[in-house]
Amino acid sequence: MRTLNISEDTILDAIAFRAKAYYELIKFRLSALVTFSAVFGFILGDSGVMFSWGKFFALMIGGFLISGASGAANEIWERDYDKLMKRTQNRPLPTKQISLKEAYWFTSIIALIGISVLWVFTNPLTTGLGVLSMILYVFVYTPLKRVGPIAVFVGAIPGAMPPLLGWTAATGAISHEALIIFGIQFVWQFPHFWAIAWVSDEDYKKAGFKLLPSGGKKDLNTAIQIMIYTLFLLPLGLLPTYFGLTGINSGIVATICGVLFLAQTFSLMRDCSRKSALKIMFGSFLYLPIVQIAYLLDKI
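Conventions and cut-offs
- Chains are numbered independently. Their residues run from 1 in the order of the written sequence.
- pLDDT decides what is reported in this predicted model: residues at 70 or higher carry local features, side-chain atom pairs at 80 or more are listed and counted, and totals for whole chains, interfaces and linings draw on all residues regardless.
- Values reported for side chains reflect all heavy atoms of the structure, with hydrogen atoms and water molecules removed beforehand.
- UniProt positions are given in the numbering used here, feature names are shortened, and annotations may be inferred rather than shown by experiment.
- Side-chain atoms within 4.5 Å are what join buried Ala, Val, Leu, Ile, Met, Phe, Trp, Tyr and Cys residues into a set we call a nonpolar core.
- Exposed residues in this analysis have more than 50% of their type's maximum accessible area, buried residues have under 20%, and partly exposed residues fall in between, with area computed by a 1.4 Å probe over protein chains only.
- By definition, any uninterrupted DSSP run of H or I lasting at least four residues is a helix, any uninterrupted run of E lasting at least two residues is a strand, and each is numbered from the N terminus.
- The split into domains, and so the bounds of each, comes from an automatic or database assignment of domains.
- Every residue pair with non-hydrogen atoms within 4.5 Å of one another is taken to be in contact.
- For this analysis, a salt bridge means a side-chain nitrogen from Lys or Arg found within 4 Å of a carboxyl oxygen belonging to Asp or Glu.
- Using a 1.4 Å probe, buried area is obtained as the accessible area two parts lose upon being combined, added over both of them.
- Any N or O atom pair separated by 3.5 Å or less is treated as a polar contact, with the protein-specific requirement of one donor-capable and one acceptor-capable atom, and with residues adjacent in sequence counted only for side-chain atom pairs.
- The classification used treats Ala, Val, Leu, Ile, Met, Phe, Trp, Tyr, Cys and Pro as nonpolar, Asp, Glu, Lys and Arg as charged, and all other residues, Gly among them, as polar.

Identification of the protein as Protoheme IX farnesyltransferase from Belliella baltica is taken from an unreviewed UniProt entry. Comment text from UniProt for the protein, heading Catalytic activity (unreviewed entry), reads "heme b + (2E,6E)-farnesyl diphosphate + H2O = Fe(II)-heme o + diphosphate". Entered under Pathway (unreviewed entry) in the UniProt record, the comment concerning the protein runs "Porphyrin-containing compound metabolism; heme O biosynthesis; heme O from protoheme: step 1/1."

**Q** Talk me through the nonpolar core; I want residue IDs and the actual numbers.
**A** Side chains of nonpolar character tend, in soluble globular proteins, to be buried together. In this structure, Leu44, Phe186, Tyr204, Leu233, Leu268, Tyr287 and Tyr295 are the most contacted members of the largest nonpolar core, which totals 69 residues. For this core, the element with the highest residue contribution is helix 9 (residues 176–199), accounting for 15 residues. Shared between two domains, this core holds at least three residues of each, these being domain 1 (13–174) and domain 2 (175–299). Each residue touching Leu268, except ones within four places of it in the same chain, is listed here: Trp198, Ala223, Ile226, Ser273, Ser276, Ala277 and Ile280. Judged by nonpolar contacts, the second largest core, of 8 residues, contains Leu25, Ile76, Leu93 and Ala103.

**Q** Describe the pattern of salt bridges, with residues and values.
**A** According to the stated counting rule, one finds 9 salt bridges in the structure shown. For Lys145, the salt bridge identified is with Glu78, shortest N-O distance 3.0 Å. On the criterion of sequence distance, the pair formed by Lys145 in the loop between helix 6 (124–144) and helix 7 (150–159) and Glu78 in the loop between helix 3 (53–77) and helix 4 (79–82) is long-range, its members being 67 residues apart. In terms of burial, Lys145 and Glu78 fall into one category: buried. Measuring nitrogen to oxygen at the nearest pair gives 3.2 Å for the salt bridge that ties Lys205 to Asp201. Of the two residues, Lys205 and Asp201 are both situated in helix 10 (residues 201–207); the distance of 4 residues between them amounts to about one turn of the helix. Exposure remark for Asp201: the relative accessible area of 7% places this residue in the buried category.

**Q** Break down the domain arrangement of the protein for me, with residues and values.
**A** Considered domain by domain, the protein is made up of domain 1 (13–174) and domain 2 (175–299). The C-alpha-based centres of domain 1 and domain 2 are spaced at 21 Å. At the interface, 35 residues of domain 1 touch 32 residues of domain 2. The contact between domain 1 and domain 2 buries some 3,000 Å² in all, and 71% of this surface belongs to carbon and sulfur atoms. Looking at the side of domain 1 facing domain 2, the largest losses of area belong to Phe40, Leu44 and Val152, adding up to 20% of the total buried there. Where domain 1 packs against domain 2, one counts 0 salt bridges. Seen at the junction of domain 1 and domain 2, the total is 12 residue pairs in polar contact (both at pLDDT 80 or more). Residue assignment for the side of domain 1 that touches domain 2 shows that the elements contributing at least two residues are helix 2 (28–45), helix 7 and helix 8 (161–171). A class-by-class count of the residues in the side of domain 1 that touches domain 2 yields 23 nonpolar, 6 polar and 6 charged.

Below you can see the structure in the form of structure tokens.
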């Protein structure tokens, strides 16, 4: 009788392959950014009397799992469309690295664990907002992407929830300060999403996604709308300082970042080029974490 010899390296390679597939299914990097925004909201909302490490870690774990489940559910929903786009055709479901049944089970389990962690260790308000965020992202925003740019407005709501979840986990309430940090992230998403939609327009059209405003055209009207929403970030970025949530230093940083971000939009208005849209996209990725870190450092 022949003995089947499976080397340790082969087993490790198989494990690494599966881990990478799940890493991509939950959109790990996006989920990590979402978790950071939630942590930002928690630290900003903390009273400073006695830091609750239990709630802090529960928010990190529960928030990450809910975000990962939302990303995985999005990939399940769009698996047939992902096959059509160059940027997504190598995702785990189109390439069958993970079966559909397996993806359903995995997504359901991590969603339930994430919700349970928030429910047990934070509070009902935070848990409810987390569930609402997941429902809006998966069942409203995702199908609306093929309907029209209204999807960006809807998607901006769950996209701005993380700092709000962090605040409510720390305080148990929604205050005007919570709405300010929610509003900054909400408005930021319009230039962010539209810049991505501009850069990926050809790919998105293959899947029937309609995210650009002004009839889906890459023209001056769309560039002006991107500029207007970026302009709103200047006064919004100063509100945490105005209401005493943070100090003057973070207000200065937010203003400088806002001006630099806005400057990129004038380039797009001038030439309506993919290169200018790409600069806005990268600028948007830098703006939010830099400003949030500045707010944190100013409070600490």
